[in-house]
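The residues making up each chain are set out below.
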Amino acid sequence: MKSILKTLAIVLTLTFTAGSCSSDNDSDPVSGGSRDVKYEVTGNYTGKLSVTYIEEGGAALIEDITALPWKKEFTAKTDSRAASISTSGYGGLKGQTLTGKIYVGGKVVKELTATATEDGIIVLVPGTYVFPL
């Protein structure tokens, strides 16, 4: 089950990254051109969690989340095109929640809250932020 959720998280992250590239633009008044990235996952979910994110060099990484809140901060390299995060879990309780945020330049550029299903499964995909060219 854990490997299925990790595979699903990777596929969702890559899908959202590829899809969002077609709608990027050359100006970004929100981040001011910053490449300082912070990912944050908070909530009351008590099941097993893993997170997939785009790291500073542009590669996708997977980590287990052992405690909430979870965060990761870095400065994206110039060849990294996007910031993206997805989180999935199993073994929680119906109604428990997770909130995922992507900050760029200290400002929230993507945010989403997800709720666990009756089976205690949760999938959180706040989206992808594409750096301006």
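Section: the overall build of the chain
Step number 1: Across its full length, the chain holds one helix and eight strands.
Step number 2: From first element to last, N terminus to C terminus, the chain shows the α and β order α-β-β-β-β-β-β-β-β.
Step number 3: Out of the 133 residues in the chain, the part that is buried amounts to 42%.
Step number 4: Long-range pairs, those at least 24 residues apart, make up 70% of the contacts in the chain between residues at least 6 apart in sequence.
Step number 5: Carbon and sulfur atoms make up 53% of the accessible area of the chain, which amounts to about 6800 Å² in all.

Here we look at the sheet that holds strand 2 (residues 48-54)
Step number 1: Read from one edge to the other, the open sheet built from four strands follows the order 3-2-5-8, with strand pairing classed as antiparallel. Across the chains shown, the open sheet's two edge strands, defined by having one partner strand only, are strand 3 (60-65) and strand 8 (122-130). On average, each strand axis in the sheet is tilted by 15 degrees relative to the strand beside it, whichever way the strands run.
Step number 2: Both strand 5 (residues 82-90) and strand 8 contribute to a ladder of seven bridges, which runs antiparallel. By the bridge assignment for strand 8, S84 is matched with T128.

Focus: the sheet that holds strand 4 (residues 70-75)
Strands in a sheet are paired, the pairing made by backbone hydrogen bonds, and the direction either parallel or antiparallel.
Step number 1: Here we have four strands laid out as an open sheet, ordered 4-1-6-7, and antiparallel in their pairing. Because the sheet does not close on itself, it has two edges, and the strands there are strand 4 and strand 7 (107-115). Between one strand and the next, the sheet's axes are offset by a mean angle of 10 degrees, whatever the strand orientation.
Step number 2: Pairing of strand 1 (residues 36-43) with strand 6 (residues 97-104), which is carried by seven bridges, proceeds in the antiparallel orientation. By the bridge assignment, Y39 is partnered in strand 6 with I102.

Describing the packing of aromatic side chains
Step number 1: The tally for this structure, following the rule as stated, stands at four aromatic pairs.
Step number 2: Centre to centre, the rings of Y39 and Y53 are 5.7 Å apart; their planes meet at 55 degrees, and the pair counts as tilted. Of this pair, Y39 sits in strand 1 while Y53 sits in strand 2, placing them 14 residues apart in sequence.
Step number 3: Overall, Y39 belongs to the buried group, its relative accessible area being 0%.
Step number 4: Its guanidinium or amino end placed over the ring of F131, R35 lies 4.2 Å from that ring's centre, counting from NZ or CZ.
Step number 5: One Lys or Arg, K38, reaches over the ring of Y103 and ends 4.6 Å from the middle of that ring.

Description of the pattern of salt bridges
Step number 1: Evaluated as defined, the whole model comprises four salt bridges.
Step number 2: For K72, the salt bridge identified is with E63, shortest N-O distance 3.0 Å.
Step number 3: Between K101 and E111 there is a salt bridge, with the nearest N and O atoms lying 3.9 Å from each other. Of this pair, K101 sits in strand 6 while E111 sits in strand 7; the two residues are ten residues apart in sequence, bridging distant segments of the chain.
Step number 4: For K101, a relative accessible area of 21% gives the class partly exposed.
Step number 5: Overall, the relative accessible area of 47% leaves E111 in the partly exposed class.

Cut-offs used in this document
- Residues numbered from 1 in each chain as written.
- Predicted model: local features only at pLDDT ≥ 70, side-chain atom pairs only at ≥ 80, totals over all residues.
- Heavy atoms only, no water.
- Helix = DSSP H or I, 4+ residues; strand = E, 2+ residues; numbered from the N terminus.
- Buried < 20%, exposed > 50% of the residue type's maximum accessible area, 1.4 Å probe, protein only.
- Contact = heavy atoms within 4.5 Å.
- Areas by Shrake-Rupley, 256 points an atom, 1.4 Å probe, with all protein chains shown as cover.
- Pairing = 2+ DSSP bridges.
- Axes fitted to C-alpha atoms, helices over the stretch in contact; angles between N-to-C directions.
- Phe/Tyr/Trp six-rings, centres within 6.5 Å; stacked < 30°, edge-to-face > 60°.
- Lys NZ or Arg CZ within 6 Å of the ring centre and 35° of its normal.
- Salt bridge = Lys/Arg side-chain N within 4 Å of Asp/Glu carboxyl O.

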